[in-house]
Amino acid sequence: MAFLARVKVAERESAKRRKKSQKKDKKEKKHKKRKKDKTKKKGKKSSKSSKADRQSDSESELDSDDSGVMYSAVSGRKIRLRREQSAADVAEDRGRKELLRLMNARY
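Since this is a predicted model, take the numbers as computed values, not measurements.

The rules behind these values
- Residues numbered from 1 in each chain as written.
- Predicted model: local features only at pLDDT ≥ 70, side-chain atom pairs only at ≥ 80, totals over all residues.
- Heavy atoms only, no water.
- Helix = DSSP H or I, 4+ residues; strand = E, 2+ residues; numbered from the N terminus.
- Buried < 20%, exposed > 50% of the residue type's maximum accessible area, 1.4 Å probe, protein only.
- Areas by Shrake-Rupley, 256 points an atom, 1.4 Å probe, with all protein chains shown as cover.
- Patch = residues over 30% accessible without salt bridge, like charges linked within 9 Å, V, L, I, M, F, W, Y side chains within 5 Å.
- Salt bridge = Lys/Arg side-chain N within 4 Å of Asp/Glu carboxyl O.
- Expected span 1.5 Å × (residues − 1).
- Lys, Arg positive; Asp, Glu negative; His and termini not counted.
- Charge placed at Lys NZ, Arg CZ, Asp CG, Glu CD.

K.L.:
Looking at this model, I keep getting lost on the overall build of the protein chain. Mind explaining?
P.N.:
Each helix and strand in the protein chain was counted, giving two helices and zero strands. The buried share among the 107 residues of the protein chain stands at 2%. As presented, the protein chain carries roughly 11200 Å² of accessible surface, and 54% of it is formed by carbon and sulfur atoms.

K.L.:
Hey, could you run me through a nonpolar patch on the surface in this one?
P.N.:
Nonpolar side chains collect at one region of the surface, where Phe3, Leu4 and Val7 lie side by side and expose about 290 Å² of accessible area between them. As for its position among the elements, phenylalanine 3 is in helix α1 (residues 2-65).

K.L.:
Mind showing me how you'd approach the pattern of salt bridges here?
P.N.:
Close approach of charged atoms allows side chains with opposite charge to pair. A complete count under the given rule lists five salt bridges for this structure. A salt bridge links aspartate 89 to arginine 83; its shortest N-O distance comes to 3.2 Å. Under the relative-accessibility criterion, aspartate 89 is labelled buried at 17%. Among the salt bridges present, the one from glutamate 92 reaches arginine 96, with a minimum N-O distance of 3.8 Å. Within this pair, glutamate 92 and its partner arginine 96 are both found in helix α2 (residues 87-106), separated by four residues, close to a single helical turn. You can call glutamate 92 partly exposed: its relative accessible area is 45%. On the basis of relative accessible area, arginine 96 is assigned to the exposed category, the value being 51%.

K.L.:
What am I meant to see in α2 here?
P.N.:
Three or four residues apart is the spacing at which side chains of an α-helix point the same way, because the helix has 3.6 residues per turn. Given a rise of 1.5 Å per residue, 20 residues ought to cover 28 Å, and the 29 Å separating the end C-alpha atoms of α2 matches this to within 8%. Of all 20 residues in α2, one are buried, a share of ten percent or less.

K.L.:
Help me out: how do you make sense of a positive patch on the surface in this one?
P.N.:
A contiguous patch of positive charge, built from Lys19, Lys23, Lys26, Lys27, Lys29, Lys30 and Arg34, is present on the exposed surface. As for its position among the elements, lysine 26 is in helix α1.

K.L.:
Can you help me understand the environment of leucine 81 in this one?
P.N.:
If you trace the backbone, leucine 81 turns up in the loop between α1 and α2. Distance in space between the C-alpha atoms of leucine 81 and valine 69 is 9.1 Å, their sequence separation being twelve residues.

Quick look at the structure:
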């Protein structure tokens, strides 16, 4: 008899623990869901206003002084193309290559 009583008590306690853990899980899920909703709302508001501001500022600045410039279709930023190298740039490149060759030859 005593053994059966202990088993019943143990079963009740485990059931209570399960219910508590289930309640706790539900609360955490609700909290996470609310938190996600708040961050989505905040992100949407800030991204709309800042994106419009960035586009208007960038269009006015870039259109005025550059006519043949390419822009990225994804980000809308200016694409930088290679510029023509001067004689000084060519000499610096040659020096770098020579130094690199000497360093690699040591080992």
